[in-house]
Amino acid sequence: MSSPLLAHAAGPDSQTASGHADILVKSDHSWNGVAYQHYPATPPQLTVLRLTIPPHTALPWHIHPVPNAGYVLAGQLTIQDRATGKEQTFHTGEAFTESVNDPHRGVSGNEQTVLILTYSGTKGTPTSVPLKGEKTEY
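Keep in mind that what you see is a predicted model, and the values were worked out from it rather than measured.

Novice: Teacher, can you tell me more about the sheet that holds strand E1 (residues 44–53) here?
Specialist: Two strands in a sheet stick together by hydrogen bonds in their backbones, pointing the same way (parallel) or opposite ways (antiparallel). One open sheet holds the four strands; their spatial order is E1-E8-E3-E6, and the pairing between them is antiparallel. Looking along the sheet, the strands with just one partner apiece sit at the ends: E1 and strand E6 (95–97). Neighbouring strand axes in the sheet, compared pairwise and without regard to direction, differ in orientation by 20 degrees on average. Note that strand E3 (residues 68–74) and strand E8 (residues 113–122) share six bridges and pair antiparallel. Bridge pairing in E8 places Tyr-71 opposite Ile-116.

Here's what the structure looks like:
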């Protein structure tokens, strides 16, 4: 028996169908090749941020204590690994996986950069930790 409320929410002319999904990024390691480790045994807490970075800006050096992924909504982001000097640039419409516990920073290009960042953490765990003497990332 169909619920009148559910039928009304979907609309009288609605059909049931599957959506189309494009996998933007799926990985067991970060952009710089470092493999992700196991998850903690505590309940997960997901955090999704929209981060806006002005043009020609280097974020402070920092680490992420939890796995995370990003998507470039606008502009570009160059991620720099502090220990190796390795860097990679991601442009509008590209997704990336970030490193865990590896000092790095993001650098914007000639335009404002807008990112969507998703963190898989646990309650009480920060999403970003600045290196000693550095400002916070956001």
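Novice: Explanation requested: the environment of Leu-51 in the structure shown.
Specialist: Within the fold, Leu-51 resides in strand E1. The class of Leu-51 is buried, set by a relative accessible area of 9%. Leu-51 sits 19 residues away from Asn-32 along the chain, and the two C-alpha atoms are 21 Å apart. Beyond its immediate stretch of four places on either side in the chain, Leu-51 contacts Leu-59, Thr-113, Val-114, Leu-115, Leu-117, Glu-137 and Tyr-138.

Rules used throughout
- Residues numbered from 1 in each chain as written.
- Predicted model: local features only at pLDDT ≥ 70, side-chain atom pairs only at ≥ 80, totals over all residues.
- Heavy atoms only, no water.
- Pairing = 2+ DSSP bridges.
- Helix = DSSP H or I, 4+ residues; strand = E, 2+ residues; numbered from the N terminus.
- Axes fitted to C-alpha atoms, helices over the stretch in contact; angles between N-to-C directions.
- Buried < 20%, exposed > 50% of the residue type's maximum accessible area, 1.4 Å probe, protein only.
- Contact = heavy atoms within 4.5 Å.

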